[in-house]
There are 2 protein chains.
Amino acid sequence: MSKQFVYLFSEGDEKWRELLGGKGANLAGMTKLGLPIPQGFTVSTEACTQYYNDGEAINDVIQAEIMENITKLEGITGKKFGDNENPLLVSVRSGARASMPGMMDTVLNLGLNDDVVKVIAEKSGNARWAYDCYRRFVQMYSDVVMEVGKDHFEELIKKMKVAKGNADMLDTELSADDFKELSEQFKAEYKAKLGSDFPADPKEQLMGAIKAVFRSWDNDRAKYYRRMHDIPASWGTAVNVQAMVFGNLGDTSGTGVAFTRDPATGEKKLYGEFLMNAQGEDVVAGIRTPQHIDQLKEVMPEAYNEFVAICDKLENHYKDMQDMEFTIEDKKLFMLQTRNGKRTAAAALKIACDLIDEGMKSEAEAVCMIDPKQLDHLLHPQFDATALKAANPVGKGIAASPGAACGQIAFSAETAAEWGKAGKDVILVRPETSPEDIEGMDVSKGILTSTGGKTSHAAVVARGMGTCCIVGCGDLKINEAAKTCVIGTTSFKEGDVISLDGTSGNIYGEAVKTVEATIGGDFDRIMKLADKYRRLKVRTNADTPKDAAKAIEFGAEGIGLTRTEHMFFESDRIAAIREMICSDTVEERQRALAKLEPMQQGDFEGIYEAMDGRPVTIRFLDPPLHEFLPTKEDDIANLAKTMGKTVEQIKEIITSLHEFNPMMGHRGCRLAVTYPEIAAMQTRAVIKAAIAVNKKGIKTIPEIMIPLISEAKELAYVKAIVVETADKLIKESGVDMKYLVGTMIEIPRAALTADEVAAEAEFFSFGTNDLTQMTFGFSRDDAGKFLEAYYNTGIYEFDPFAKIDTKGVGKLVEMACKLGRQTRPNIKLGICGEHGGDPSSVAFCHVVGLDYVSCSPFRVPIARLAAAQAAIEDGNVSNKG
Amino acid sequence: MSKQFVYLFSEGDEKWRELLGGKGANLAGMTKLGLPIPQGFTVSTEACTQYYNDGEAINDVIQAEIMENITKLEGITGKKFGDNENPLLVSVRSGARASMPGMMDTVLNLGLNDDVVKVIAEKSGNARWAYDCYRRFVQMYSDVVMEVGKDHFEELIKKMKVAKGNADMLDTELSADDFKELSEQFKAEYKAKLGSDFPADPKEQLMGAIKAVFRSWDNDRAKYYRRMHDIPASWGTAVNVQAMVFGNLGDTSGTGVAFTRDPATGEKKLYGEFLMNAQGEDVVAGIRTPQHIDQLKEVMPEAYNEFVAICDKLENHYKDMQDMEFTIEDKKLFMLQTRNGKRTAAAALKIACDLIDEGMKSEAEAVCMIDPKQLDHLLHPQFDATALKAANPVGKGIAASPGAACGQIAFSAETAAEWGKAGKDVILVRPETSPEDIEGMDVSKGILTSTGGKTSHAAVVARGMGTCCIVGCGDLKINEAAKTCVIGTTSFKEGDVISLDGTSGNIYGEAVKTVEATIGGDFDRIMKLADKYRRLKVRTNADTPKDAAKAIEFGAEGIGLTRTEHMFFESDRIAAIREMICSDTVEERQRALAKLEPMQQGDFEGIYEAMDGRPVTIRFLDPPLHEFLPTKEDDIANLAKTMGKTVEQIKEIITSLHEFNPMMGHRGCRLAVTYPEIAAMQTRAVIKAAIAVNKKGIKTIPEIMIPLISEAKELAYVKAIVVETADKLIKESGVDMKYLVGTMIEIPRAALTADEVAAEAEFFSFGTNDLTQMTFGFSRDDAGKFLEAYYNTGIYEFDPFAKIDTKGVGKLVEMACKLGRQTRPNIKLGICGEHGGDPSSVAFCHVVGLDYVSCSPFRVPIARLAAAQAAIEDGNVSNKG
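Residues numbered from 1 in each chain as written. Chains lettered and ligands numbered in written order. Predicted model: local features only at pLDDT ≥ 70, side-chain atom pairs only at ≥ 80, totals over all residues. Heavy atoms only, no water.

This brings us to the overall build of chain A. Of regular secondary structure, chain A possesses 36 helices and 33 strands. Here the C-alpha atoms of chain A give a radius of gyration of 32 Å, agreeing with the 29 Å that 2.2 N^0.38 yields for 881 residues. With the principal axes as the frame, chain A shows a C-alpha extent of 100 × 65 × 50 Å. Expressed as a percentage of the 881 residues in chain A, the buried residues total 57%. Sequence-distant contacts in chain A: of pairs separated by 6 or more residues, those separated by 24 or more amount to 68%. With the model as given, the accessible surface of chain A reaches about 34700 Å², and the carbon-plus-sulfur share is 50%. (Helix = DSSP H or I, 4+ residues; strand = E, 2+ residues; numbered from the N terminus. Rg over C-alpha atoms; globule rule 2.2 N^0.38 Å. Buried < 20%, exposed > 50% of the residue type's maximum accessible area, 1.4 Å probe, protein only. Contact = heavy atoms within 4.5 Å. Areas by Shrake-Rupley, 256 points an atom, 1.4 Å probe, with all protein chains shown as cover.)

Right, let's talk about the relation of the copies chain A and chain B for a bit. Mapping chain A onto chain B is achieved by rotating through 180 degrees and translating by 0.1 Å along the same axis, at an RMSD of 0.2 Å. As the rotation angle and translation indicate, the two copies are arranged about a two-fold axis. Relative to the rotation axis, the closest C-alpha in chain A is found at N661 of chain A, a distance of 2.1 Å. Comparing interface residues between copies, 100% of those in chain A also lie at the interface in chain B; the contact surface is shared. (Least-squares fit on C-alpha atoms with pLDDT ≥ 70 in both.)

What follows deals with the sheet that holds strand β20 (residues 476–479) of chain A. All names here are of chain A. Here we have three strands laid out as an open sheet, ordered β20-β21-β22, and antiparallel in their pairing. Each end of this open sheet is capped by a strand with a single partner; those strands are β20 and β22 (490–493). The mean angle between the axes of side-by-side strands here comes to 20 degrees, regardless of whether they run parallel or antiparallel. As defined by bridge partners, β20 adjoins strand β21 (residues 484–487) across four bridges and the pair is classed as antiparallel. If you follow K477 over to β21, its bridge partner there is V486. (Pairing = 2+ DSSP bridges. Axes fitted to C-alpha atoms, helices over the stretch in contact; angles between N-to-C directions.)

The next subject is the side chain of D178 of chain B. All names here are of chain B. Looking at the element boundaries, D178 is found in helix α7 (residues 176–194). Looking at D178, its side chain comes within polar contact range of the main-chain nitrogen of S175, at 2.9 Å. Once you skip the residues sitting within four places of it in the chain, D178 turns out to touch M160 and K164. (Polar contact = N/O pair within 3.5 Å; in protein donor to acceptor, adjacent residues only side chain to side chain.)

We now examine the sheet that holds strand β15 (residues 398–401) of chain A. All names here are of chain A. Pairing is mixed in the open sheet, where eight strands are placed in the order β14-β24-β23-β16-β17-β18-β19-β15. Where the open sheet ends on each side, the last strands, each with one partner, are β14 (393–396) and β15. Going across the sheet, the axis of each strand differs from the next one's by a mean of 30 degrees, ignoring polarity. The strands that helix α17 (residues 413–421) touches are β16 (404–410) and β17 (426–430); relative to β17, the one it contacts most, it runs at about 175 degrees. Its contacts with the sheet place helix α19 (residues 457–465) against β15, β18 (446–449) and β19 (468–471), and it is angled at close to 170 degrees to β19.

Residues and elements named next belong to chain A. The element strand β29 (residues 702–706) is largely enclosed, with a buried count of five among its five residues. Residue alternation in β29 divides its side chains into two sets, P702, I704 and I706 and E703 and M705, and both sets are buried. Bridge count between strand β28 (residues 616–619) and β29: four bridges; the pairing is parallel. When the bridges of β29 are listed, R619 appears paired with M705. Note: β29 against strand β30 (residues 740–745), four bridges, orientation parallel. Among the inter-strand pairings, I706 is bridged to a residue of β30, identified as T743.

Residue and element names in this part refer to chain A. The terminal C-alpha atoms of helix α8 (residues 202–216) lie 21 Å apart, and with 15 residues this matches the ideal 21 Å at 1.5 Å per residue to within 8%. Counting buried positions over the 15 residues of α8 gives 11, a clear majority of the element. Within α8 the residues assigned to the buried category are P202, Q205, L206, M207, G208, A209, I210, A212, V213, F214 and S216. (Expected span 1.5 Å × (residues − 1).)

All names here are of chain A. Among the five residues of β17, five are classified as buried, and the element is accordingly described as predominantly covered. Here β17 shows no split at all, with V426, L428 and R430 on one side and I427 and V429 on the other all buried. The sheet contact formed by β16 and β17 spans three bridges and is parallel. Its bridge partner lying in β17, Q408 is registered against V426. The parallel pair β17 and β18 is bridged by helix α18 (residues 438–443), and the resulting crossover is right-handed. (Right-handed = clockwise from strand over helix to strand, strands pointing away.)

Residues and elements named next belong to chain A. Applying the stated criterion across every chain, the model contains 111 salt bridges over all chains. Linking E703 and K828 is a salt bridge whose minimum nitrogen-to-oxygen distance equals 2.8 Å. In this pair, E703 is assigned in strand β29 and K828 in strand β32 (residues 828–831), connecting sequence segments 125 residues apart. You can call E703 buried: its relative accessible area is 2%. A relative accessible area of 27% means that K828 is categorised as partly exposed. (Salt bridge = Lys/Arg side-chain N within 4 Å of Asp/Glu carboxyl O.)

So, about the interface of chain A and chain B. Taken together, the contact pairs 51 residues of chain A with 51 residues of chain B. Here chain A meets chain B over a buried area of about 4500 Å², counting both sides, of which 58% is carbon and sulfur. Where chain A touches chain B, the interface holds six salt bridges. Across the pair R749 of chain A and D805 of chain B runs a salt bridge whose closest N-O atoms are separated by 2.6 Å. (Buried area = accessible area lost by both parts, 1.4 Å probe.)

Now for unusual backbone geometry. Phi at D330 of chain A takes a positive value of approximately 50 degrees, unusual for a residue other than glycine. Mapped onto the secondary structure, D330 of chain A falls in the loop between β11 (322–329) and β12 (332–340). Although it is not a glycine, E147 of chain B sits at a positive phi angle of roughly 60 degrees. Its place among the elements puts E147 of chain B in the loop between α5 (127–145) and α6 (151–163).

Turning our eyes to something else, we now look at the environment of A640 of chain A. Residue and element names in this part refer to chain A. Inspection of the secondary structure assignment puts A640 in helix α25 (residues 633–643). What makes A640 buried here is its relative accessible area of 3%. Expressed as a C-alpha distance, the spacing of A640 and M580, which sit 60 residues apart in the sequence, is 13 Å. Not counting residues up to four positions away in its chain, the partners in contact with A640 are K645, T646, V647 and I650.

With that out of the way, let us pick up helix α34 (residues 809–823) of chain A. With 15 residues, α34 of chain A extends 21 Å from end C-alpha to end C-alpha; this agrees with the ideal 21 Å at 1.5 Å per step. Buried within α34 of chain A are the following residues: V809, G810, L812, V813, M815, A816, C817, L819 and G820 of chain A.

The next thing to look at is the packing of aromatic side chains. All names here are of chain B. As enumerated under the stated definition, the model contains 46 aromatic pairs over all chains in all. Ring geometry for F153 against F186: centres 4.9 Å apart, planes inclined by 70 degrees, an arrangement best described as edge-to-face. Within this pair, whereas F153 is found in helix α6, its partner F186 is found in helix α7, the two being separated by 33 residues in sequence. Here F153 and F186 have matching classes, each one buried. Ring geometry for F786 versus Y790: centroids 5.7 Å apart, planes at 65 degrees, classification edge-to-face. Here the residue F786 and the residue Y790 both occupy positions in helix α32 (residues 780–792), the gap between them amounting to four residues, near one helical turn. Across the pair, exposure class does not vary: F786 and Y790 are buried alike. (Phe/Tyr/Trp six-rings, centres within 6.5 Å; stacked < 30°, edge-to-face > 60°.)

Summarising the element assignment, A481 of chain B is placed in the loop between β20 (476–479) and β21 (484–487). Sequence separation of A481 of chain B and P615 of chain B is 134 residues, and the distance between their C-alpha atoms is 47 Å.

Here is the structure:
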């Protein structure tokens, strides 16, 4: 038998989401439940795949199957497509497996033409309604299916109102003849724009609409949405064709949308709105003000009671908060759609907890209900909703780090640092930030830059700090000399107050009230449940005791990455590191390193104390040295003076450190190979700090991590320096303490030869940022120039820096895990790239069997939840298997 | 039974080279042949490995085994170590599997001390000889074993001569007492330098010498030599301990070295020299002038005849030209060593051919006798040997491209181009070269730069052209404005004549006569034999008809890589490419591309015609666009004028094209994805050219190669443009022709997902230059800063850009071959990185089953020979297996 591509609602099953899409599956489900559903059929996602395989065409077999189902629908409804007596009208709606606002939504009233409209006008005795439906159909079809755009049509309506002497009259004040006239004008407009007559044949209309749904699966908005939400392009969308019911037949008809619980708070009460004498689009359009769903009780009690009963039934059936559309046609209630409703993070937590308490969900099921990414919003300050509504943005940039911030503009990191220490709320406004700005960034409430993208310095550092940040704001022009800026068309001077929304990217030229993050009991409860189920440990990336403490608050179980170089930028030590870099001899270098050692030791003691015995992974110096060198003339002069060198000599050193491809240059463990004394100094700082805190009773086991290894012997060489230095210190101290030496796996060759590397490494930590760069052969900093073209052409479906590329990068990770365990069965495996805080990547880490993930403090709860979901999913899979 | 670490010569076998080293195995072999060999034993390479495993110490077990063998040797010789009546003296020599000049060579007369010297003085009645031996031993031991350096000792000898009133007297004029006095002075010097007495215990002397040999396996010179000659560090060296015989006992004693054939020409005649009354080191020292070996016939006919007979025996036995050392002690001939002799490329070819004709070697064996790398010398002009001897270098740089060149200095590519066209011989002297200099480089006889390494632009391009080139010459200071330069201490002005030796890196401040490359009949004969055995096809990397023609002359069977961008730098087209880059709209870009199209088409026609039906692989535009942009102010101004833009606008474009890591930036197929019109233009040029030459009767099948693929969909996207454009043109032309579309595999992810990529690609060409960079995570341009440290620490044993890294890069290549063939069993597989011309990498390509290698024209013969050797070796392996 040949493959079936089209299914009547009564043939389908609510479990067939992959085949029928979410909307189609639920229509089938509701049909089975015996609810009042206008009947229809679903053209499956497999038909969509076939459409693309056939070069974007619906083949004859599928067309025939669609028409067979129209015939069946005619049988069910007793109406006929294009009939002169009892014509069938249908709606056509897209419906993917996951709800996707990027796609075509709905075409209503399909099946109308010049003849049919007359029939329904006559039959209903409501010519105004009939022609309103017709003009709406022509308008919608032209806009949604043929992409003519709706402005031309709105223009024609406006012209008619002007001609009738009142530009401000409501659509409801237009007469049957007006609508008839408009439908003629609309068809003429269609012909003018497209060069052919508006299709009168209902079959042609239907195929056009179905094709448009399939085509919309691959438009730019849909691609963008899929990338943001990890939806594969291969899924395709289904199309639902459903007999029309009319909410605009008069005052006993209406239409509405409702939620079974409050989507903002999660409170268990019916929430929604409706409009009498209207079609669905009118509710959305916002021209007339809808009524609250509770008022339906008074307007139409029977329909209301039936609806409430259905709501209970659906919630009990789907065991989740439902988001429903309904239409009342002449007092008769019809359900058009139900789905699990979208909700805020707070509501998601409350609903999950309530459903456990109501006995609707098991704990594991409840844990799986929450999108981990949503938690991000809860952990940062937000704008007060009312205050935000009243504010108008003056400009917009790229939302780089979530949260809300309000403070006074500072145009330099120095000013920000000074004001911050004085207790002011500061917004740092810069063309871009650099490592030297770190102190100023640290005290700022928010950061705004005119250049850079989501992976710029400002963005990455701000996310790590949990500070609200907007980058790449083209609306922002800074005059640093004058200490003024213009955002959009508004001018600001230093000290003026602005507000940033790091979630939307909006900038407000005024103080907007913010509310602190509040993490309630539901959050704690769900997190505790998550901890019960997850196998993966969750660590954090933290460079300071403050970050470490924050992460523990969020449930971190250790540090997976301390970047020692971040400490080097602070003003008291940058001088020493510069001296170290500009040294001519080993002795000079050691002198400079000796200055740094006590500072580093102090940093590590602080971190160990904050972590109170939890494991701490410390990565040795990683970036190319030129990153530390001064760029400003007076800084260069100062350095020259300190070093007893000429300005020219310092400049020569800076020039000599220039690299063609610094990312692939003299950095990471290569620094330790060429300057072993750096590794020795860092070892001393790590071990002496550990000895000191051990003496205070905190049992700490530092994990020394050597970055950028590409060959086992490279690790062996650096490890020998570490072990010799460390063992001597420990022996001298008389303290009984352990430490580990391991490596980042961030270069393809390290993964390919992981069996050899594991002979030297007590742990692997996957540095998937660099591993992604090297595996794809592109630099994050430069990829912006072509990635957009890659998304638009569909070559890449998602950002491999945000979500781990399982086919390439993931293959290397799996290979390294397998090879590493071959050599050292108990090797500790973790990840410390930014993927460690991405839910789908965390799931991958669970599947390949890592021991832990490490992410920025604010992502720790996300990782905990994602790890639990992966473990639960994994359990389900094995139960099924 | 425990492992044996030490073998008497009589226990060993000449086949045990891995265990005994080359020298030890041949001493065993000669012992078996019954030749007169001073007996002794070999401490095996496994003992060397054990020495390193034990932390650079000879463990007690091995020490005991050595002393047992001393006892056995005492039994054989009837002499005893440190004996007062008949003392045993020995020589200690290193001997690795392959001869390695980087290592410790020899310590003679070991076993002497204050007592023993008296005994032998008395017994021999030759006190002068005895004390000469003693002072030599102290000097050699101090220098070679204890690394004191020999200058101090030479100084003492000089002082003594001065004290005796004749600073110029010969060593032979010193008396027994003088030598006795010197040996005392030498021991005092030893103590002064090392703080302990010179060891009197022969056992201590012996262990010290053996340790020194083991240690020398890992000194910097040895590491460097191994890297140059692909010798793994894991092999280790053996040590040979041999009873001394003395060539310095008087006028009936002597010592010498000889070859069974002339190592310079290969002519079959005894070749060598000897010194009477001397030890081996005197022959090398060059203080006395040795006699030609033929003269030995007159001096000592019996010894001579015996020696000639032994030579014949050895050559017949080893079936190769032998290089031997011998000593005559009081008329008795002793053989100290034999080995296959080193020879020039010309001699290697002649000997191989002669040995076939003499029935000593099969054809396959003869093919395997020649080091493919040696052929390089044959293919380039060389200095006349006599002229070279008379010339003195004024400076030295890095030898980047072999050959010899002599011409007038030009300080700019423009001047070089102009003079070259005028028929002058030009040497281009630049700080460094850039793509814009291509024309000037092309006409120059030689290229000299002050900066850059072996992989700099100048080096890579010169090697491709077969032009002699020296780079990174620190001795060279150029004053471009004054058009003068200083090399070392000599000043030159533009137009002055210098000579470059691209093999040694020497620069001569005068005209040195060069002789053209002469490739004789032996070369042809061996090449034809190689072609008979090899399975791999050999193609060439060629960008011009001239290169292509040269490569065919050298036996290329097709083009594996035409870099289309190299054509873009020529003066008539660089303007158009710049216009293309600076275009704001697709239309502007297409206009600029339309100018380039006929030029590219013309280039391709020329290449197709030169290749006369052989396959031609054309790679689409690869480098980042900013490489084409002007840097000089007037070029920028010209471009602005042509484009109707301001200078500022052009500068802005240049700035906007800046990349942080250009190697991983917007280049390769990424250009085709963002600007599909470039790929379309290049397709038109490739296909129209093919149609044109097909019409002339040359059946050409162009292979279009898309670079820098990281994902199958990326290739699919570009391929669609190519196929659509090509098929249309072919259809229109009515010509029946084919073309292929394939890809470079040069990004790790392409190799990891090669099964998917192969669905789109009709061929893979491994771009192992970039693949090596990405797999190791370092940029060739920047690696110079740390690679030296990597070689010195032994982390890397060889340059992965010269010899393919089989563990990492090779693993990806193998994986890609396997995955690619899974999807497309008949996929064509080749390599076009520089590894394609490296013999050991060619062997790897054979083993993983590639179809062809592609290399620069001058490397084609090398690749042909290497491919044959790999195939023959492969055959042997299967015969054995």
